[in-house]
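Spelled out from the first residue to the last, the chains are:
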Amino acid sequence: MASNVPEPAKRFKDDHPNTACGNAAKIGTHDGIFHCDEVLACFMLQQLPQYATAEIIRTRDAAKLAECDIVVDVGAEFDRERHRYDHHQGTFNETLRSLRPDLNVKWDIRLSSAGLIYTFFGEDVIRQVFKNKLGLQEPSAECLQAVYKKVYEGFICEIDAIDNGVPMFEGVEPRYNISTHLSARVGAFNSQWDEPTPEPGCLQRFEKAKTYVGLEFIDKLKYYSSCWWPARDIVSKGLANRKALHESGEIFELEKPCPWKEHLYQLEQEQNIVGIPKYVIYCNRENDWRIICVPVQPSSFVCRKFLNKPWRGIRDEELEQLSGIAGANFCHQTGFIGGNKTREGALKMAIASLAAAEEA
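Here is what the cut-offs are and how they apply
- Residues numbered from 1 in each chain as written.
- Predicted model: local features only at pLDDT ≥ 70, side-chain atom pairs only at ≥ 80, totals over all residues.
- Heavy atoms only, no water.
- Helix = DSSP H or I, 4+ residues; strand = E, 2+ residues; numbered from the N terminus.
- Contact = heavy atoms within 4.5 Å.
- Areas by Shrake-Rupley, 256 points an atom, 1.4 Å probe, with all protein chains shown as cover.
- Domains from an automatic or database assignment.
- Axes fitted to C-alpha atoms, helices over the stretch in contact; angles between N-to-C directions.
- Parallel < 35°, antiparallel > 145°, perpendicular 65-115°, else oblique.
- Nonpolar A, V, L, I, M, F, W, Y, C, P; charged D, E, K, R; others polar.
- 1 Å grid on protein atoms, 1.4 Å probe; cavity = no way out; pocket = protein on both sides within 12 Å on 5 of 7 lines; lining within 4 Å.
- Points joined across faces, edges and corners; volume = space filled by probe spheres on them.
- Pairing = 2+ DSSP bridges.
- Buried < 20%, exposed > 50% of the residue type's maximum accessible area, 1.4 Å probe, protein only.
- Expected span 1.5 Å × (residues − 1).
- Polar contact = N/O pair within 3.5 Å; in protein donor to acceptor, adjacent residues only side chain to side chain.
- Salt bridge = Lys/Arg side-chain N within 4 Å of Asp/Glu carboxyl O.
- Bend = angle between axes of the 7 residues up to and from the residue.

(A) Just the overall build of the protein, in detail. A count of helical and extended segments in the protein gives twelve helices and ten strands. Counting only C-alpha atoms and orienting by the principal axes, one finds that the protein spans roughly 80 × 45 × 40 Å. Within the protein, contacts between residues separated by at least 24 positions form 64% of all contacts whose residues are at least 6 apart in sequence. Surface accessibility of the protein: about 18,100 Å² in total, with carbon and sulfur atoms responsible for 49%.

(B) Quick peek at the domain arrangement of the protein. By domain assignment, the protein separates into domain 1 (26-167 + 183-190 + 200-227) and domain 2 (246-355). Here domain 1 and domain 2 have C-alpha centroids that lie 41 Å from each other.

(C) Spotlight on the packing of helix H4 (residues 113-132) against helix H7 (residues 204-228). Packing of H4 against H7 leaves a shortest axis separation of 11 Å and a crossing angle of 75 degrees. The orientation of H4 relative to H7 falls into the category roughly perpendicular. Side by side, H4 and H7 meet where Tyr 118, Val 125, Ile 126, Val 129 and Phe 130 of the first sit next to Phe 217, Ile 218, Leu 221 and Ser 225 of the second. Looking at the contact of H4 with H7 residue by residue, the classes come out as eight nonpolar, one polar and no charged.

(D) Just the layout of surface pockets, in detail. Of the pockets and cavities examined, the largest pocket occupies roughly 1,300 Å³. Those elements giving two or more residues to the lining of the largest pocket turn out to be helix H5 (141-164), H7 and helix H10 (261-271). Partitioning the lining of the largest pocket into residue classes produces 14 nonpolar, eleven polar and 14 charged. Two domains each donate at least three residues to the lining of the largest pocket, and these are domain 1 (26-167 + 183-190 + 200-227) and domain 2 (246-355).

(E) Spotlight on the sheet that holds strand S7 (residues 279-285). The five strands lie next to each other as S6-S7-S8-S10-S9, forming an open sheet whose pairing is mixed. Both outer strands of the open sheet, strand S6 (251-253) and strand S9 (328-331), are each paired with one neighbouring strand and no more. For this sheet, the mean inter-axis angle between neighbouring strands, taken without regard to orientation, is 25 degrees. Note: S6 against S7, three bridges, orientation parallel. Residue pairing for S7: Glu 253 is matched across the bridge by Ile 281.

(F) Just the environment of Cys 227, in detail. Turning to its location among the elements, Cys 227 is positioned in helix H7. What makes Cys 227 partly exposed here is its relative accessible area of 34%. In this structure Cys 227 touches Lys 222 and Pro 259, once residues within four positions along its chain are discounted.

(G) Looking closely at helix H12 (residues 343-355). Here H12 contains 13 residues, and its C-alpha end-to-end distance of 19 Å stays within 8% of the 18 Å for a straight helix at 1.5 Å per residue. When we look at burial in H12, the residues that qualify are Gly 345, Ala 346, Leu 347, Met 349, Ala 350, Ser 353 and Leu 354. Between a side-chain oxygen at the N-terminus of H12 and the backbone nitrogen of Gly 345 the separation is 2.9 Å; the capping residue is Thr 342.

(H) Representation of the pattern of salt bridges within the structure. Per the counting criterion, the structure on display carries 21 salt bridges. For the salt bridge of Arg 100 with Glu 123, the shortest nitrogen-to-oxygen distance reads 2.8 Å. With Arg 100 in the loop between helix H3 (96-99) and H4 and Glu 123 in helix H4, this residue pair connects regions lying 23 residues apart in the sequence. The two residues Arg 100 and Glu 123 agree in class, both being buried. Between Arg 232 and Glu 270 there is a salt bridge, and its shortest N-O distance comes to 2.9 Å. Here the residue Arg 232 occupies a position in helix H8 (residues 231-240), and Glu 270 occupies one in helix H10, the gap between them amounting to 38 residues. The network of salt bridges with common partners includes Glu 77, Asp 79 and Arg 82.

(I) Up close: the sheet that holds strand S2 (residues 55-58). Reading across the sheet, the five strands line up as S2-S1-S3-S5-S4 and stay open at both edges, with mixed pairing between neighbours. Of all strands in the sheet, those with a lone pairing partner are S2 and strand S4 (78-79), marking the two edges. The pairing of strand S3 (residues 70-72) with strand S5 (residues 84-85) spans two bridges and is parallel. Bridge pairing in S5 places Val 71 opposite Arg 84.

(J) The pairing of S9, seen in detail. Summarising the sheet, S9 and strand S10 (residues 337-340) pair through three bridges and their orientation is antiparallel. Bridging across to S10, Cys 331 finds its partner in Gly 338. Counted between consecutive antiparallel strands, the loop separating S9 from S10 contains five residues, among which Gly 335 sits at a positive phi close to 85 degrees.

(K) Quick peek at the side chain of Asn 329. Secondary-structure assignment places Asn 329 in strand S9. Residue classification places Asn 329 among the buried residues on the basis of a relative accessible area of 16%. Those residues in contact with Asn 329 that sit more than four places away from it in its chain are Arg 315, Asp 316, Leu 319, Gly 339, Asn 340 and Lys 341.

(L) Expanded view of H5. Maximum bend of H5: about 50 degrees, positioned at Ile 156. With 17 of 24 residues buried, H5 is to be regarded as a mostly interior element. Just downstream of H5 lies Gly 165, where phi reads positive at about 65 degrees.

Now the structure itself:
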């Protein structure tokens with residue numbers, strides 16, 4: 001096994017298999033029960049021009065695997081130069097962070113075959129899916145890197161962790177999140193105990209699973225590139241105008257509802273304003289404005305500063321009278337979100353909450 005891992009940006013002569021004389025490339029993986037990681041690895045590889053028509057060989061026969069241009073999830077060997085991508089050997093402890101230090105990421109989850117293929121081919125896969133499946137222009141370098149990281153965090157990481165049996169918790173915060181349960185769903189494509197065992201080399205169930213996994217992978221790419229990434233500009237504009245909205249700079253406005261939390265935290269880091277924004281306001285629909293408290297982290301309901309405590313759990317006319325703010329119609333009982341009929345009223349609720357004494 002190769003001990004030195006080449007830099008990820010480097011391309012090797014066998015990145016483009018020799019298909020002269022009509023010989024199609026071959027992707028090797030193990031036979032028997034299949035799992036989400038090698039199914040997804042094969043799908044991703046087949047999005048690339050050099051493997052688009054590749055034959056998938058499911059075997060554990062070393063001689064047959066040796067004939068393959070690339071091998072995933074079998075063979076007890078990780079050798080980037082020879083395109084051998086197994087992760088089961090005891091000496092393998094690579095993560096996205098260890099293999100791609102250029103990305104400066106936090107994830108230290110041991111990679112599965114899906115993670116290994118994504119590590120080295122992910123950017124090219126994203127470009128090809130943009131072009132061939134989504135009909136989108138090639139992403140900018142900034143968009144590509146952001147989507148690459150987000151797809152790993154929200155999709156690949158879970159598959160890596162489950163396949164390797166990585167504990168979700170080693171402290172208070174989870175090391176990863178389970179959001180798709182795709183690994184379990186892929187498992188259901190295998191033959192059940194009371195069904196006939198497929199003939200050697202039969203790919204019918206594997207191909208069904210690969211199509212299923214592929215659709216979900218493409219959906220994730222579409223969401224992160226067409227919905228999540230464009231929201232960054234909206235958040236950026238809101239932050240740029242926050243002091244015009246209120247002199248404190250602790251309230252900002254979104255021109256439309258969008259996925260804003262993760263973009264906010266990243267932009268805060270970039271602009272050296274971490275922790276300053278406390279509330280965000282936006283128009284949810286006509287005559288319905290929202291005041292959202294910024295949480296301490298994206299998935300948390302613990303906020304930097306909750307809405308005014310006496311308002312919590314109060315609605316409509318009673319809330320209007322209590323707050324003295326026209327149009328106030330809602331405050332959640334925990335104080336993380338409130339509502340008003342107008343922009344002016346929503347802003348007044350945020351300002352009043354900002355000025356309210358901290359809870360004991």
